[in-house]
Amino acid sequence: TGGTQAASLDGLFLNSVTMQVASASEAPGVDGVEKLTLGVDSGAAVTIIPRGVCLDYPLKPNEESRRGGFYRAANGNKIIDEGTREIFFKHLHGGQLGGLRPGVGDVSKGLVSVAEMVDSGHRVIFDSAASGGSYAEHKETGRRTPFIRRSKVFEIDVAVVPFSESPGIGQAQP
């Protein structure tokens, strides 16, 4: 643990998924850590999470937040970009380490953009469980992130790695 690892983080970061805080009863798996359910959203233009999650990770200014940038929700509400958090997590279905660089704003449910996943080198597949399931696959590394279908929504269940234990300490990108 810690930031002394020299391992490559290529293909580790998803850049587009929907996110909401899950209670311990909603997200199976790891106890005593922050658990999130990430909803995969092909209609989101940017990746953003609520300001009240992953608070142990530093909030860093980004280009949009420096210039007072904002986004519009589907209902027309203005969402001010407050900066970016670079978070690490473990998938509750498989235990694989992953990462996310979402913007932070006044939203009730986080969103990660499928377009941003594609732009960051992922192939995104939506299919039935019988045909291999749904997932994002990093084209260079082959790393797969499985999606869970709940009713008509695709999601990813994760346990947030505490910042003090994250592999990217000292390697964070602006």
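Residues numbered from 1 in each chain as written. Predicted model: local features only at pLDDT ≥ 70, side-chain atom pairs only at ≥ 80, totals over all residues. Heavy atoms only, no water.

### Regarding the pattern of salt bridges
The line we're drawing: By definition, a salt bridge exists where a carboxyl oxygen of Asp or Glu is found within 4 Å of a side-chain nitrogen of Lys or Arg.
Going through the model one piece at a time under the given rule, you end up with eight salt bridges. One salt bridge in this structure joins Glu 64 and Arg 67, with 2.8 Å as the shortest N-O distance. Look at the salt bridges and you will find they share partners, linking Arg 51, Glu 82 and Asp 106 into a network.

### Here's the deal with the confidence of the model for the protein
Low pLDDT means the predicted atomic positions in that stretch should not be read closely. Our working definition: Looking at any residue, its pLDDT shows the predictor's confidence there, from 0 to 100. Secondary structure elements are defined from DSSP: runs of H or I of at least 4 residues count as helices, runs of E of at least 2 residues count as strands, and each element is numbered from the N terminus. Here, two residues are considered to be in contact whenever any of their heavy atoms come within 4.5 Å of each other.
The share of residues in the protein with pLDDT of 70 or more is 78%, and the mean pLDDT across the chain is 79. The weakest mean pLDDT in the protein belongs to strand β2 (residues 18-21) at 35; the strongest belongs to strand β11 (residues 122-125) at 96. Segment residues 1-30 is flagged for pLDDT under 50; beyond a separation of four residues in sequence, or across chains, it makes 105 contacts in the model. Predicted confidence is poor over residues 170-174, with pLDDT under 50, and the contacts of this stretch with residues over four places away or in other chains come to seven contacts.

### Digging into the nonpolar core
Using the following cut-off: Side-chain atoms within 4.5 Å link the members of a nonpolar core, which is a set of buried Ala, Val, Leu, Ile, Met, Phe, Trp, Tyr and Cys residues. Accessible area is worked out with a 1.4 Å probe on protein chains only. A residue is then buried under 20% of its type maximum, exposed over 50%, and partly exposed in between.
Among the nonpolar cores identified, the biggest contains 23 residues, and Leu 36, Val 40, Cys 54, Tyr 57, Met 117 and Phe 147 are the most heavily contacted of them. Counting residues per element, the ones that place at least two in this core are β3 (35-41), β7 (87-91), α2 (114-119) and β14 (153-160). No other element matches β14, which puts four residues into this core.

### Concerning the environment of Phe 89
Within the fold, Phe 89 resides in strand β7. Taking relative accessible area as the criterion, Phe 89 reaches 1% and is therefore assigned buried. Taking the C-alpha atoms as reference points, Phe 89 and Leu 100, 11 residues apart in sequence, are found 8.3 Å from one another. Discounting residues that sit within four places of it in the chain, Phe 89 has contacts with Gln 96, Leu 97, Gly 98, Gly 99, Leu 100, Val 158, Ala 159, Val 160 and Val 161.

### Comments concerning the environment of Phe 126
Positionally, Phe 126 belongs in the loop between β11 and β12 (134-138). For Phe 126, a relative accessible area of 39% puts it in the partly exposed group. Taking the C-alpha atoms as reference points, Phe 126 and Phe 147, 21 residues apart in sequence, are found 8.5 Å from one another. If sequence neighbours within four positions are ignored, Phe 126 has contacts with Val 40, Val 114, Ser 134, Phe 147 and Phe 154.

### Brief notes about the packing of aromatic side chains
Short version of the rule: Between 30 and 60 degrees the pair is tilted, below 30 it is stacked and above 60 it is edge-to-face, where a pair is any two Phe, Tyr or Trp rings, Trp via its six-membered ring, whose centres lie within 6.5 Å. The criterion for a charge sitting over a ring is simple: Lys NZ or Arg CZ within 6 Å of the ring centre, and within 35 degrees of the ring normal.
The full count for this structure, using the stated rule, is three aromatic pairs. On the basis of an interplanar angle of 35° and a centroid distance of 5.8 Å, the ring pair of Phe 126 and Phe 147 is categorised as tilted. Of this pair, Phe 126 sits in the loop between β11 and β12 while Phe 147 sits in strand β13 (residues 144-150); the two residues are 21 residues apart in sequence, bridging distant segments of the chain. Given a relative accessible area of 6%, Phe 147 falls into the buried group. One aromatic cluster is present, built from ring pairs that chain together Phe 126, Phe 147 and Phe 154. The ring centre of Phe 70 lies 4.4 Å from the NZ or CZ of Lys 78, which sits over that ring. Above the plane of the ring of Tyr 135 lies Arg 144, whose end atom (NZ or CZ) is 3.9 Å from the centre.

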